[in-house]
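Notes for the structure review
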Amino acid sequence: MDDMGINVALLGYGAIGQAVHRMLAPLADQARVVGVLDRISLEGAAGPARMAGPAGSAVPVLDLAAATKGADVVLECASPAAVRAYGPGIVGAGTDLLVASLGALVDDRLRSTLLERGPGRCFLSTGAIGGLDLVRASAGTIDAITLETRKPPAALLHRGLGTELRSSIVRADATGAVGHVFGGSVAEAVRLFPSNINVAAALGLAAGNMDLVRVDIIADPGATLTSHAIEVRGSGGTYRFAIENFPDPANLATSTLTARSLVSGLLRLAGHGPLFI
Ligand SMILES: NC(=O)c1ccc[n+]([C@@H]2O[C@H](COP(=O)([O-])OP(=O)(O)OC[C@H]3O[C@@H](n4cnc5c(N)ncnc54)[C@H](O)[C@@H]3O)[C@@H](O)[C@H]2O)c1
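Fair warning: this is a prediction, and the values are worked out from it, not measured in the lab.

Let us look at the overall build of the protein. Within the protein, the regular secondary structure consists of ten helices and 14 strands. Dimensions along the principal axes, computed over C-alpha positions, put the protein at roughly 50 × 45 × 35 Å. A total of 277 residues make up the protein; the buried ones form 49% of that total. In the protein, once contacts between residues fewer than 6 apart in sequence are set aside, the share between residues at least 24 apart is 71%. Total accessible area computed for the protein in this model is approximately 13,200 Å², and 53% of it derives from carbon and sulfur atoms. The average position of the 22 basic charges and that of the 24 acidic charges among the side chains of the protein differ by 3 Å.

Another aspect to go through is the pattern of salt bridges. Going through the model one piece at a time under the given rule, you end up with nine salt bridges. Two residues, R214 and D216, come together in a salt bridge whose shortest N-O distance is 2.9 Å. You can call D216 buried: its relative accessible area is 16%. Because the salt bridges share partners, they merge into one network encompassing E148, R150 and D220.

In the vicinity of the ligand, 23 residues are found, and the nearest of them are S79, S101, S195, N251 and T254. At 2.9 Å from an oxygen atom of the ligand is found a main-chain nitrogen or oxygen belonging to A78. Here A128 contributes a backbone N or O atom positioned 2.9 Å from an oxygen atom of the ligand. For the ligand, the protein covers 82% of the area, taking 860 Å² as the surface of the free molecule. Among the secondary structure elements, those contributing two or more residues to the shell around the ligand are α1 (15-24), α2 (39-42), α4 (80-92), α9 (198-207) and β14 (251-255). At three residues, α4 tops the list of elements feeding residues into the shell around the ligand. Here the residues of the shell around the ligand sort into twelve nonpolar, ten polar and one charged. The residue makeup of the shell around the ligand includes at least three contributed by each of domain 1 (6-124 + 257-269) and domain 2 (132-245).

The next subject is the domain arrangement of the protein. Domain annotation for the protein reports domain 1 (6-124 + 257-269) and domain 2 (132-245). Taking only C-alpha atoms, the centre of domain 1 and the centre of domain 2 are 25 Å apart. The interface of domain 1 with domain 2 comprises eleven residues on the first partner and eleven residues on the second. Carbon and sulfur atoms make up 76% of the surface buried where domain 1 meets domain 2, a total of about 760 Å² over both sides. Per-residue buried area on domain 1 facing domain 2 is highest for P80, L102 and V106; these three make up 50% of the total on that side.

In this section: the sheet that holds strand β7 (residues 122-124). The five strands lie next to each other as β2-β1-β5-β6-β7, forming an open sheet whose pairing is parallel. Each edge of the open sheet is held by one strand with a lone partner, namely β2 (31-37) and β7. On average, each strand axis in the sheet is inclined to that of its neighbour by 25 degrees, with strand direction left out of account. Two elements, strand β1 (residues 6-11) and β2, share six bridges in a ladder whose sense is parallel. Across the sheet, L11 pairs through a bridge with L37, a residue of β2. Contacts from α4 reach β1, β5 (73-76), β6 (96-99) and β7 within the one sheet, and its direction differs from that of β6 by about 150 degrees.

Attention now moves to the sheet that holds strand β11 (residues 226-234). Within a sheet, neighbouring strands are paired by backbone hydrogen bonds and run either parallel or antiparallel to one another. Pairing in this open sheet of five strands is mixed, and the strands run β9-β10-β8-β11-β12 from one edge to the other. Looking at strand neighbours, the two that pair on one side only are β9 (179-184) and β12 (237-245), the edges of this open sheet. Strand-to-strand twist of the sheet, defined as the mean angle between neighbouring strand axes without regard to direction, takes the value 10 degrees. Looking at chain direction, β9 and strand β10 (residues 213-219) are connected through five bridges and run antiparallel. Among the inter-strand pairings, G179 is bridged to a residue of β10, identified as A219.

Further remarks concern the packing of α4 against helix α5 (residues 108-117). The contact between α4 and α5 brings their axes to 9 Å, and the two run at 30 degrees. Judged on the interaxial angle alone, α5 and α4 are roughly parallel. In this structure, α4 crosses over α5, and the sense of that crossing is left-handed. Together, V83, R84, G87, P88 and V91 of α4 and L110, T113 and L114 of α5 make up the contact between the two elements. Across the contact of α4 with α5, the residue classes tally to five nonpolar, two polar and one charged.

What counts and how
Residues numbered from 1 in each chain as written. Predicted model: local features only at pLDDT ≥ 70, side-chain atom pairs only at ≥ 80, totals over all residues. Heavy atoms only, no water. Helix = DSSP H or I, 4+ residues; strand = E, 2+ residues; numbered from the N terminus. Buried < 20%, exposed > 50% of the residue type's maximum accessible area, 1.4 Å probe, protein only. Contact = heavy atoms within 4.5 Å. Areas by Shrake-Rupley, 256 points an atom, 1.4 Å probe, with all protein chains shown as cover. Lys, Arg positive; Asp, Glu negative; His and termini not counted. Charge placed at Lys NZ, Arg CZ, Asp CG, Glu CD. Salt bridge = Lys/Arg side-chain N within 4 Å of Asp/Glu carboxyl O. Near = heavy atom within 4 Å. Polar contact = N/O pair within 3.5 Å; in protein donor to acceptor, adjacent residues only side chain to side chain. Nonpolar A, V, L, I, M, F, W, Y, C, P; charged D, E, K, R; others polar. Domains from an automatic or database assignment. Buried area = accessible area lost by both parts, 1.4 Å probe. Pairing = 2+ DSSP bridges. Axes fitted to C-alpha atoms, helices over the stretch in contact; angles between N-to-C directions. Parallel < 35°, antiparallel > 145°, perpendicular 65-115°, else oblique. Left-handed = near helix turned anticlockwise from the far one by under 90°.

What follows is the structure, encoded as structure tokens:
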């Protein structure tokens, strides 16, 4: 970081990466995108120099070494698998990491490597929900958290789904009937829906205990928004959050709020904006 703001490298350049790039364009004096890491550059395949992004604001595609050298912060907006593969190397190189795919942090070892080992710092995005400050402040006093996530069926389908789950989601879509497609722990939810249920991991991380969180996922053919109904119960009180997000047209599984949360986080890291603590 210098007087001119922070340099950001985007690990992942899909719906979120491109939205963050667009949103930061007019804020370059505070936080600017200096490059993108994609599957090819991360796999270390040497080749001709490439650029990513729209003409006029395209940035170089970087390998990991160039990104950790040239960026103050790597913003992960790829997948939990990418956090597992590259997160430790990024913080180990002394570069800060802002994580969107919080589901990766259900793994105890990875979580402690990223959050405790350094020398780079690891920040967790609030992503598609709010209220995590309250959950964090209540850590140690919480008895149970319930999360009911409701999405259009198309937002829950992904390549890695098993046959049975896929059928129940497709059935909901075909019949128009609301389907309860999952009920269980954060770890199991993240295993089955790795890129769809990061909010569950966010709640567990804020509470300091993933086991406090019960997750239900509903495929709702009538839903146009993604909704998260959250209830936190404990000795300090009962808190309820109802969040209804517009999906990102570029990826229905992602809410438009997520990119805004990441931009807000980056600006905070750059020292701008009110600091709620
Ligand atoms: N915290 C939250 O509330 C929240 C909300 C939405 C999405 N997310 C996370 O953000 C991620 C990105 O969302 P998106 O809508 O931009 O997805 P997307 O599918 O539109 O784009 C993801 C990009 O990352 C790349 N990628 C994925 N895995 C990779 C890997 N292992 N190595 C290199 N590149 C990889 C893909 O090729 C793609 O270009 C999701 O997978 C999800 O885990 C978090």
